[in-house]
Amino acid sequence: MFNFFKKKKQKKEIEEEILEQEELASDEESDASYHLERSEAESSNLTEEVLVEREEPTTAPEKEVEPEPKTEEQRDFSTALEMTENENDDSEVTPVISTEVSDSEATPVISTEVSDSERSGEISLEQASESEEQEPDIEEEPATEQEEEPAPEKKQGGFKSLFSGLNKTRKKIGDQLDNLLNNYDEIDDDLYEEIEDILITADIGMKCTMELIDNLKEELVNRKVKDASQVKLVLRDVMAEYLKTDDEIELATKSPSVILVIGVNGAGKTTSIGKISHKLKSDGKKVVLAAADTFRAAAIDQLRVWAERSEVAFVAHKEGSDPSAVIFDGIKSAQAKNADVLICDTAGRLHNKVNLMNELNKMFRIIEREYPEAHKEVLLVLDATTGQNAVNQAKEFLQSAGITGLVVTKLDGTAKGGFVFAIKSELGIPVKLIGVGEKIEDLQVFDAESYASAVLNL
């Protein structure tokens, strides 16, 4: 803000200009009225001029010199002066003369309104007082969005893990059946043929597929089902009934028990043993692991890690030692510790290797001689990714060992999960455990109804 002397000088100049403006205003009052009417007509977008011509004054006014418009500096001085006077006297507002010239006319107009920039100080004070007096706005409570209730999970616990693990097999069977049945209204021979193709491509096998189709036809007739949309539900019941067996599904874990695990290399024997031991330990069983796979490098160390994780006893010899000797020491350890279950790992062997199969028979003889009171369980581990080849392996092992149950691993990595039906059809050996993932809890006790439902997406 400028100093006081400059303000006084500027105030005097403004007063002189005001006097000159008042003299001009008296002679040109009628002229101002005319321009006002013209301005209102233009603001209303009138297309024709309706202004009444004013009468010319009888005496011509003296020619007056047009005042020069104020400069930017003068306006600033005027603003500062006006603010100073307002501070001294709040009740009076000094009229300010606007000398702005429009494009069409140069007549000055007297205005008693103070511009926003000139009253910035007062406005800020007024706004402050108004903000204090203004009642606080009542905030409307936001509408509470109704949280969508999650759909009840159809797959809970172990079945959820099974459902996820059989994803590839389900796409091969369940999803294709959905697409097929959507194109049929009634059940006919063409529909049966299409279902046959889907089951065969899922590695169920020709023989098993024909048996399932025959059972399906009979069940549809018994239930008087004619709508194609109901076929999958009936097929689920037929497949579940087909997989059921009279043999004991649960592992023989009565105290004392011996579980001998066999299979080809890479099928997942050692990993399955580790998961079984963890499950039995969680169930309160006292477990001993015997590392009788002395041929494969790092097999002993791998099983030792599982024993430490499961916190169970572990028996092992050096790599390359006699596996039957390990079995013998494992039996003695289990007897000394009064263990409930002894689980024996064995070397991976092909069914066509005569010497290795003979070694397996030797282990059986030692168990029968040294641990006759124990319940025997022989589990064959099969890799699901091999499909129908796994069935051939099981046939050969069955000739050399009294297999009591199957462990099917890696079902989560293949679309060939249908071979479980082929095993039941051709061998009659019950599937006792299935692996549907890498987690410890992903090795599950086989349940026919849950398996059929997961495969068919039901």
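Residues numbered from 1 in each chain as written. Predicted model: local features only at pLDDT ≥ 70, side-chain atom pairs only at ≥ 80, totals over all residues. Heavy atoms only, no water.

Enquirer: Even after reading the chapter, I still don't get the overall build of the protein, so can you show me in this structure?
Expert: A count of helices and strands for the protein gives 16 helices and 10 strands. Considering only contacts within the protein whose residues lie at least 6 apart along the sequence, 76% involve residues at least 24 apart. Surface exposure of the protein reaches about 27,000 Å², of which carbon and sulfur atoms provide 46%. (Helix = DSSP H or I, 4+ residues; strand = E, 2+ residues; numbered from the N terminus. Contact = heavy atoms within 4.5 Å. Areas by Shrake-Rupley, 256 points an atom, 1.4 Å probe, with all protein chains shown as cover.)

Enquirer: How should I be thinking about the packing of helix α10 (residues 269-282) against helix α11 (residues 299-310) in this particular structure?
Expert: The geometry of a pair of packed helices is captured by two quantities: the angle between their axes and the separation between those axes. Running from amino to carboxyl end, α10 crosses α11 at an angle of 15°, the nearest separation of the two axes being 9 Å. Our classification of the angle between α10 and α11 gives roughly parallel. In the crossing of α10 with α11, the sense of the turn from one axis to the other is right-handed. Of α11, the residues touching α10 (which contributes Thr270, Thr271, Ile273, Gly274, Lys275, Ser277, His278 and Lys281) are Ala299, Gln302, Leu303, Trp306 and Ser310. Residue classes in the contact of α10 with α11 are distributed as four nonpolar, seven polar and two charged. (Axes fitted to C-alpha atoms, helices over the stretch in contact; angles between N-to-C directions. Parallel < 35°, antiparallel > 145°, perpendicular 65-115°, else oblique. Left-handed = near helix turned anticlockwise from the far one by under 90°. Nonpolar A, V, L, I, M, F, W, Y, C, P; charged D, E, K, R; others polar.)

Enquirer: Would you take a moment to explain the pattern of salt bridges for this structure?
Expert: Oppositely charged side chains are able to pair whenever their charged atoms sit close together. According to the stated counting rule, one finds 15 salt bridges in the structure shown. Residues Asp178 and Lys232 are paired through a salt bridge, measuring 2.5 Å at the closest nitrogen-oxygen approach. Of this pair, Asp178 sits in helix α6 (residues 167-181) while Lys232 sits in helix α9 (residues 231-243), and the two are 54 residues apart along the sequence. For Lys232, a relative accessible area of 8% puts it in the buried group. Between Glu449 and Lys244 there is a salt bridge, with the nearest N and O atoms lying 3.2 Å from each other. (Salt bridge = Lys/Arg side-chain N within 4 Å of Asp/Glu carboxyl O. Buried < 20%, exposed > 50% of the residue type's maximum accessible area, 1.4 Å probe, protein only.)

Enquirer: How should I be thinking about the packing of aromatic side chains in this particular structure?
Expert: For any pair of aromatic rings, the description rests on two quantities: the centre-to-centre distance and the angle between the ring planes. According to the stated counting rule, one finds two aromatic pairs in the structure shown. Considering the side-chain rings of Phe421 and Tyr451, the 6.2 Å spacing of their centres and the 55° angle between planes classify their relative orientation as tilted. Highlighted residues: Phe421 in helix α15 (residues 419-426) and Tyr451 in helix α16 (residues 448-455), separated in sequence by 30 residues. Just as Phe421 is buried, Tyr451 falls in that class too. On the basis of an interplanar angle of 55° and a centroid distance of 5.3 Å, the ring pair of Phe446 and Tyr451 is categorised as tilted. Accessibility expressed as a relative area gives 9% for Phe446, which makes it buried. Grouped by ring-pair contacts, the aromatic residues Phe421, Phe446 and Tyr451 constitute a single cluster. Above the plane of the ring of Trp306 lies Arg309, whose end atom (NZ or CZ) is 4.5 Å from the centre. Sitting above the plane of the Tyr242 ring, Lys424 keeps its charged end 5.7 Å from the centroid. (Phe/Tyr/Trp six-rings, centres within 6.5 Å; stacked < 30°, edge-to-face > 60°. Lys NZ or Arg CZ within 6 Å of the ring centre and 35° of its normal.)

Enquirer: Before we go on, may I ask you to explain the sheet that holds strand β3 (residues 257-262) in this structure?
Expert: Sheets are built from strands that pair by backbone hydrogen bonding, the pairs being arranged parallel or antiparallel. As summarised here, the arrangement of the eight strands in space is β5-β4-β6-β3-β7-β8-β9-β10, forming an open sheet in which the pairing is mixed. Sheet topology places β5 (313-316) and β10 (443-445) at the edges, where each strand pairs with a single neighbour. Recorded for the sheet is a direction-independent mean angle of 20° between the axes of neighbouring strands. Relative to β10, strand β9 (residues 431-435) runs antiparallel, the two being bridged by three bridges. Considered in β10, the bridge of Ile434 is made with Gln444. (Pairing = 2+ DSSP bridges.)

Enquirer: In this structure, what is going on with the side chain of Glu370? I would like to understand it.
Expert: Turning to its location among the elements, Glu370 is positioned in helix α13 (residues 354-370). On the basis of relative accessibility, which here comes to 19%, the residue Glu370 falls in the buried class. At a separation of 3.2 Å, a polar atom in the side chain of Glu370 contacts the side chain of Lys332. Polar side-chain contacts of Glu370 include one of 2.9 Å to the side chain of Arg369. If sequence neighbours within four positions are ignored, Glu370 has contacts with Phe328, Ile331, Lys332 and Gln335. (Polar contact = N/O pair within 3.5 Å; in protein donor to acceptor, adjacent residues only side chain to side chain.)

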